[in-house]
Amino acid sequence: MYQIGITFSIILVSVAARADVSSYKLLSIKQLSSDGGRLDWSPDGKRIAFESDRDGNWEIYVMNADGTDERRLTDAFDAHPTWSPDGRQIVFQSTRSGNRDIWRVPVDGGKPRQLTFDPGYDGFARYSPDGNSIIFVSTRNDPGHIWRMPSEGGDLTRLTQD
């Protein structure tokens, strides 16, 4: 058996550009994390959510956009964080229930809440712009359909057809 390790760096690059973008000046380059994966900006642009396996298991972290105040939010195999439009929740996929399902956790900390319960693969969740719904990909009945549910979980609607 072969194990492949993948490491990503999250780097913040600051530039100053003319309004017509005819020239720019590099202001700074700062490495924010050396072991991150998928990431997402908060709606206000002040924070970043990202996944990292620095503890030997993929977890969800948040930090300020300048790399300060980094905090781990989860403690199981968790990935693909996405901010809610109001910036108070992060939806992610996890295998903590023994299956890959959609979960949600408050950004300020707290207990993650499971939103989907199916033996199929549920992942790649995104909030609707108004925050009332979550869309995601699932293999629950057939391979690779897009589903929608209320942001609190509940009744699911399959959006794509065969």
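The paragraphs below set out a description of the structure included in this document. (Residues numbered from 1 in each chain as written. Predicted model: local features only at pLDDT ≥ 70, side-chain atom pairs only at ≥ 80, totals over all residues. Heavy atoms only, no water.)

Brief notes about the sheet that holds strand 12 (residues 145-150)
Judged by pairing direction, the sheet is antiparallel, and its 4 strands sit side by side in the order 10-11-12-13 without closing on themselves. The two strands at the open ends of the sheet, each matched to only one other strand, are strand 10 (122-127) and strand 13 (157-158). Relative to strand 13, strand 12 is paired through 2 bridges, and the arrangement is antiparallel. Bridge assignment links R148 to a residue of strand 13, and that residue is T157. (Pairing = 2+ DSSP bridges. Helix = DSSP H or I, 4+ residues; strand = E, 2+ residues; numbered from the N terminus.)

Things to note about the pairing of strand 8 (residues 101-106)
In terms of burial, strand 8 is a largely internal element, 5 of the 6 residues being buried. The turn joining strand 7 (residues 89-94) and strand 8, which pair antiparallel and follow one another in sequence, is formed by 6 residues; a positive phi near 95 degrees is taken by G98. The pairing of strand 8 with strand 9 (residues 113-114) spans 2 bridges and is antiparallel. Bridge pairing in strand 9 places R104 opposite R113. (Buried < 20%, exposed > 50% of the residue type's maximum accessible area, 1.4 Å probe, protein only.)

A few points about the pattern of salt bridges
Per the stated rule, a full pass over the model turns up 8 salt bridges. D86 is the salt-bridge partner of R88, the closest N and O atoms lying 3.2 Å from each other. Shared partners join several salt bridges into a network, and the residues in it are D75, D78 and R96. (Salt bridge = Lys/Arg side-chain N within 4 Å of Asp/Glu carboxyl O.)

Structural notes on the pairing of strand 3 (residues 47-52)
Burial analysis of strand 3 places 5 of its 6 residues in the buried class, the great majority of the element. The pairing of strand 3 with strand 4 (residues 59-64) spans 6 bridges and is classified as antiparallel. Bridging across to strand 4, I48 finds its partner in M63. Two successive antiparallel strands, strand 3 and strand 4, enclose a turn made up of 6 residues, where G56 displays a positive phi of approximately 90 degrees.

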